[in-house]
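Now for the letters of each chain:
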Amino acid sequence: MQLSVVAARLSSLRTGCGLSMKAAAQAAGLNTSTIFRIEHGLVAPRESTVRLLLELYGEGEHSYRLLSLLREERVAGWYDAPGVPLGLSAYLELEDQAQVIYTYYPRSVPPLLQTPPYATAAVRAALRPGATSEQIAGGAGLVAVRQEALDRQRGPHLWALADRQGLLDPPLPAPDDRLAQLDAVALAAKQPHIAVQVIRSAGETGYLYQGPPFTILRFPERGRPDALALHLLHAPIVLDDWRRVEEYQQAFARLSISAFPVDATSAVLDEMRATLTG
């Protein structure tokens, strides 16, 4: 199982770079037959070969993800599928393991609350210029899979802080799509495992958060420390340094205290809907 996942990932990365087996073999100093056997799961590659190929495919910094599977140090999950960016899979594994997810995306809607049109627009904006329609659709589909995991039985609890401007001015030109996104957040806020708070303006609260979007993940295992993910331009950075985690825990607490309370969310969203409908 683990070997087939490694094989599929290496094959996907090679084709994503536009390399034939022969070209990849020549660039890596290997035989074409070696690439064939590795990508078809006929042989377990050496760790040095995996590192070499990942460097060739521009994913050398994430080699530990495949090596951990090759060593059978962990069990493959849905986040190890070839369609999941290798740089995102480590975060998604942690998100899948979390018991509570705290998240804030300034000026935008958190992915776990996005509608398909919003997710498509957000993925299109985040990908590098020249991204194909298949890549955009794949990214939006990944958001949907994450939302399914959130709604599964015994799934994690979500506490999301929603940016007012992000809800009123989403990257959706169609009025119906804008209303649908607002309604989706309102519906999610009624779920027992989801808490949504709308952020008040800095003019009202005197507090202005000036950092990147972030997520704090809390796990069910006693003694396991929280993890912090900073959602940067192309991929999240996961940090477990307790000082940094504590900084963002405090930032989340300040934002939450200064936001509209949870029991006011429905009324606040109704007011915003009236603004959008004129």
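What you are looking at is a predicted structure, and each value in this text was computed from that prediction instead of being measured. (Residues numbered from 1 in each chain as written. Predicted model: local features only at pLDDT ≥ 70, side-chain atom pairs only at ≥ 80, totals over all residues. Heavy atoms only, no water.)

Trainee: In this structure, what is going on with the packing of aromatic side chains? I would like to understand it.
Mentor: For any two aromatic rings, the description comes down to two numbers: the centre-to-centre distance and the angle of the planes. Applying the stated criterion across every chain, the model contains 9 aromatic pairs. With 5.7 Å between their ring centres and 65 degrees between their planes, Trp-78 and Tyr-79 make a pair best called edge-to-face. Owing to a relative accessible area of 28%, Trp-78 belongs among the partly exposed residues under this scheme. Using a relative accessible area of 7% as the deciding quantity, one classes Tyr-79 as buried. (Phe/Tyr/Trp six-rings, centres within 6.5 Å; stacked < 30°, edge-to-face > 60°. Buried < 20%, exposed > 50% of the residue type's maximum accessible area, 1.4 Å probe, protein only.)

Trainee: I'm lost on the sheet that holds strand E5 (residues 227-231) in this one. Help?
Mentor: Picture the strands of a sheet paired through backbone hydrogen bonds; they go either parallel or antiparallel. The 6 strands are arranged E3-E2-E1-E4-E5-E6 in an open sheet whose pairing can be described as mixed. The strands lining the two open edges of the sheet, one partner per strand, are strand E3 (194-198) and strand E6 (236-239). Each neighbouring strand pair of the sheet contributes to a mean axis angle of 15 degrees, computed without reference to strand direction. Two elements, strand E1 (residues 100-104) and strand E4 (residues 214-218), share 5 bridges in a ladder whose sense is antiparallel. Residue pairing across strands places Tyr-102 opposite Ile-216, the latter belonging to E4. Here helix H6 (residues 86-97) sits on the sheet and contacts E1, E4, E5 and E6; the angle it forms with E6, its principal contact strand, is near 50 degrees. (Pairing = 2+ DSSP bridges. Helix = DSSP H or I, 4+ residues; strand = E, 2+ residues; numbered from the N terminus. Axes fitted to C-alpha atoms, helices over the stretch in contact; angles between N-to-C directions. Contact = heavy atoms within 4.5 Å.)

Trainee: Any chance you could explain the environment of Leu-70 here in plain terms?
Mentor: Take Leu-70: it is sitting in helix H5 (residues 63-70). For the pair formed by Leu-70 and Glu-47, sequence separation is 23 residues and the distance between their alpha carbons is 8.0 Å. Not counting residues within four places of it along the chain, the set of residues in contact with Leu-70 comprises Leu-3, Val-6, Pro-45, Glu-47 and Val-50.

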